[in-house]
Amino acid sequence: YKEMKTDLEIDPPNHGDLTSWAEQGVFLLNTVLTVRKGEAYSHRGKGWELLTDSVIRALNEREKPLVFILWGNASIAKKAFIDAEKHTVITAPHPSPLSAHRGFFGSRPFTKANEALIKIGQVPINWEIPNEVTE
């Protein structure tokens, strides 16, 4: 949310529901889909990478160009499965509190993604997440 504020001047929502992004075609995928509580990346090498690599390869095969945003070294390594001649690939350090200061902050991924979408004739993403209505 800090980078969204800096990049797009968008205030954080009062919840964490990213449905509005999904409805616009944003697909979020970690390289490993589970962890032991409090142990980042603890399920690496347990088979998740086979699944997530297959998903990335399948997305790469789409005829319509996509924008891939890869955050962190594990994701950036997946560039090997993406045809950068057809698709746009945006990379930055991982946004976790442990590494965001190493270049994630200031990387402007949301603006870069929208610029790439416009360039390929697609509708840009409205990154603003609507607040939940409270009564």
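Residues numbered from 1 in each chain as written. Predicted model: local features only at pLDDT ≥ 70, side-chain atom pairs only at ≥ 80, totals over all residues. Heavy atoms only, no water.

Student: Let's hear about the nonpolar core: which residues, and what values?
Tutor: Met4, Ile10, Trp21, Val26, Ile90, Phe110, Ala113, Leu117, Ile125, Trp127 and Ile129 together form the largest nonpolar core, which totals 11 residues. In terms of residues, this core owes the most to one element, helix α5 (residues 109-119), which gives three residues. Filtering out sequence-adjacent residues up to four positions away, methionine 4 remains in contact with Glu9, Ile10, Trp21, Phe110 and Trp127. Of all hydrophobic cores here, the second largest spans five residues; its members include Ile56, Phe68, Leu70 and Ile82. (Core = buried A, V, L, I, M, F, W, Y, C linked by side-chain atoms within 4.5 Å. Buried < 20%, exposed > 50% of the residue type's maximum accessible area, 1.4 Å probe, protein only. Helix = DSSP H or I, 4+ residues; strand = E, 2+ residues; numbered from the N terminus. Contact = heavy atoms within 4.5 Å.)

Student: An account of the pattern of salt bridges is needed here, citing residue identities and associated values.
Tutor: Summed over all chains, the structure comprises four salt bridges. Where arginine 36 meets glutamate 39, a salt bridge forms, and the shortest distance between an N and an O atom there is 3.1 Å. For arginine 36, a relative accessible area of 38% puts it in the partly exposed group. You can call glutamate 39 partly exposed: its relative accessible area is 37%. (Salt bridge = Lys/Arg side-chain N within 4 Å of Asp/Glu carboxyl O.)

Student: Explain the pairing of strand β1 (residues 67-71) residue by residue, including any values.
Tutor: On β1, burial follows the alternation: Phe68 and Leu70 on one face are buried, whereas Val67, Ile69 and Trp71 on the facing-out side are not. Bridge count between β1 and strand β2 (residues 88-92): five bridges; the pairing is parallel. If you follow leucine 70 over to β2, its bridge partner there is threonine 91. (Pairing = 2+ DSSP bridges.)

This is a description of form; function is not addressed.
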